[in-house]
Amino acid sequence: MNLDTLFGAEIMARCDALALHTEEPGRLTRTYLTPVQRAAAEQLLDWMREAGMSARMDAAGNVVGRYEGAQPEAKTLITGSHFDTVVNAGKYDGNYGVIAPIACVKALHAQGLRLPHAIEVVGFAEEEGVRFKTTMMGSKAIAGTYDPAVLNLKDRGGVSVAQAMRDYSLDPQAIATAAHDPARVLGFVEIHIEQGPVLLNEGLAAGTVTSIAGVYRFQAVLTGQAGHAGTTPMHLRRDAGAAAAEMVLAIERYCAAESARIEGGLVGTVGQLNVPGGAINVIPGACEFSIDLRSGHDGSRHAAWKVLEPELQAIARRRHVELSITNTLDLAAAPCAAHIMAQIDTAITAATGAPAPRLPSGAGHDAMAMAALCPQGMIFIRCGNGGISHNPLETITEADARIGARVLYDVLRNFRAQ
Ligand SMILES: [Zn+2]
């Protein structure tokens, strides 16, 4: 068996082939519990069996391939990623992280190698939250943190998760059977495209993730005084829109200054900004905006908000507008396990001849949910096209696909639980 072909050309061809399973002609969209996802799942199950695994679909619709260890009672190392997509997606987000592990097991099987641990490759059926507006349902089911209340969530057509499961021949009452026993699991390793430009800009093929960023989300509402744009003198205005603009820039300035200094990094984004009922000739009496603040280190994120919030309030006071801020999300960071990071570092150095770069993940991943089950680690591989993702322009090179699979193969083969 030629590992270069298996890890390079074959992985790329399979990413192309899996992308043909789409709900929309001409672009890739594959959401949870659709007939298209069923077809993609069947394809993955076929590839898992061809690679020497026993393969099944679990109660959440995840596909699970198992390659037994040398001893039947061996504990399990889990690897994998998601195979649902966003609307108009790229071919590699998630999907590469299912296809590359299958190639790794195929390589073990072809050489007749059994390891001291079993390997399970999981294709998580739901990560992106597109259809039901809640994320990581697949990995939460496996981690044992699935909230049964989400079974009642409905898609845009009014179909509940529970109904969609029944339509897919799954039993919503059986969801707990998807959960793994933490006592039987050694760890979880996910390989994923970076979805950003850091490795690309540094000229590096692969990196070790240090932590999956924690997230704060806030909705800010500013109340000023609406007035005539022509007759209200500048010094008498209470302009909620101008105040919001100053706050947006304060958030950007603070995060830019702190990002390199603070442990875990810091990024802040105002993605929604709205003047309700605004008009071209009216001073904004109200303004609403969102704040998304992320860091790989929860202490850094909390400390940053302790500085930023009073700064925003000070801007509001100086401009004589009222500011109320509601916290809508406070999601803890998931630090990667030190012993898994060390093993990924070693494998990257072996594959590339260079020291492994370490970087936090600003995006959420299945590994975040799996952290509730077992120690976890992540390998990032370089994206092309400026690091663009969640977009058909998302790309990786065949050479990087090969390096990523080599790194994962090394980690799976030599895995140490401590
Ligand atoms: Zn992803």
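Residues numbered from 1 in each chain as written. Predicted model: local features only at pLDDT ≥ 70, side-chain atom pairs only at ≥ 80, totals over all residues. Heavy atoms only, no water.

When you look at the pattern of salt bridges in this model, what are you seeing that I'm missing?
Side chains that differ in sign of charge can pair as their charged atoms come close. Tallied over the full model, the rule gives 22 salt bridges. Residue E246 is joined to R318 by a salt bridge in which the shortest nitrogen-to-oxygen separation is 2.5 Å. Linking E246 in helix α8 (residues 240-258) with R318 in helix α9 (residues 298-318), this pair joins segments that are 72 residues apart in sequence. Residue E246 is classed as partly exposed on the basis of its relative accessible area, which comes to 22%. Overall, the relative accessible area of 51% leaves R318 in the exposed class. Ionic pairing is found between R294 and D292, a salt bridge with its closest N-O pair at 2.8 Å. (Salt bridge = Lys/Arg side-chain N within 4 Å of Asp/Glu carboxyl O. Helix = DSSP H or I, 4+ residues; strand = E, 2+ residues; numbered from the N terminus. Buried < 20%, exposed > 50% of the residue type's maximum accessible area, 1.4 Å probe, protein only.)

Is there a simple way to think about α9 in this case?
Since one α-helical turn is 3.6 residues long, residues separated by three or four positions face the same way. Here α9 contains 21 residues, and its C-alpha end-to-end distance of 30 Å stays within 8% of the 30 Å for a straight helix at 1.5 Å per residue. Contacts from the buried residues of α9 go to β7 (214-223), α8, β12 (286-295) and β13 (322-331). Positive phi shows up at H320, right after α9, with a value of about 55°. (Expected span 1.5 Å × (residues − 1). Contact = heavy atoms within 4.5 Å.)

I keep staring at α8 and nothing clicks. Help me out?
Under the 1.5 Å per step criterion, the end-to-end length of α8 is 27 Å for 19 residues, consistent within 8% with the ideal 27 Å. The complete set of buried residues in α8 reads A240, G241, A243, A244, M247, A250, I251, Y254, C255 and E258. Residues of α8 that are buried sit in contact with β7, β9 (267-269), β10 (273-274), β12, α9 and β13. By the N-cap criterion, in which a side-chain oxygen at the helix start approaches the backbone nitrogen of a residue two or three places on, α8 is capped by D239, the distance to G241 being 2.8 Å. (Polar contact = N/O pair within 3.5 Å; in protein donor to acceptor, adjacent residues only side chain to side chain.)

Help me understand unusual backbone geometry, please; the structure alone is not making it clear to me.
What you tend to see is this: most non-glycine residues have negative phi, and most peptide bonds are trans. The phi angle at K133 is positive, at roughly 60°, despite the residue not being glycine. Here K133 lies in the loop between β4 (118-124) and α5 (137-143). Backbone geometry places Q195, a non-glycine residue, at a positive phi of 65°.

Got a minute to help me understand the coordination of the zinc ion in this structure?
Any two of four tetrahedral donors ideally make an angle of 109.5 degrees at the metal, while pairs among six octahedral donors ideally make 90 or 180 degrees. At the metal site, the zinc ion is ligated by H82 (NE2), D93 (OD) and H192 (NE2), and these contacts range over 2.0 to 2.2 Å. Sequence spacing of the donor residues for the zinc ion, all on one chain, is H-x10-D-x98-H. Separated by eleven residues along the polypeptide, H82 in strand β3 (residues 76-82) and D93 in the loop between β3 and α4 (96-110) bring together distant segments of the chain. By relative accessible area, H82 is classed as buried at 1%. Owing to a relative accessible area of 5%, D93 belongs among the buried residues under this scheme. (Donors = N, O, S within 2.8 Å, 3.2 Å for Na, K, Ca; no water.)

It is not clear to me how the pairing of strand β5 (residues 185-193) should be interpreted in this structure. Could you clarify?
Among the nine residues in β5, nine count as buried, and that is most of the element. In this sheet, β5 lies alongside β3 in parallel orientation, the contact comprising four bridges. Of the residues in β5, the one forming a bridge with T79 is V189. Bridge analysis of β5 against strand β16 (residues 376-381) gives six bridges, and the strand direction is parallel. Across the sheet, residue H192 finds its bridge partner in β16, namely F380. (Pairing = 2+ DSSP bridges.)

Even after reading the chapter, I still don't get the packing of aromatic side chains, so can you show me in this structure?
Two aromatic rings are characterised by how far apart their centres lie and by the angle between their planes. Tallying each qualifying case throughout the model produces six aromatic pairs. Residues Y216 and F218 carry aromatic rings whose centres are separated by 5.0 Å and whose planes lie at 45° to one another, so their mutual orientation is tilted. With relative accessibility at 9%, the residue Y216 sits in the buried group. On the basis of an interplanar angle of 15° and a centroid distance of 3.9 Å, the ring pair of F218 and W305 is categorised as stacked. One end of the pair, F218, is in strand β7; the other, W305, is in helix α9, and 87 residues separate them in sequence. W305 carries the same exposure label as F218, and that label is buried. (Phe/Tyr/Trp six-rings, centres within 6.5 Å; stacked < 30°, edge-to-face > 60°.)

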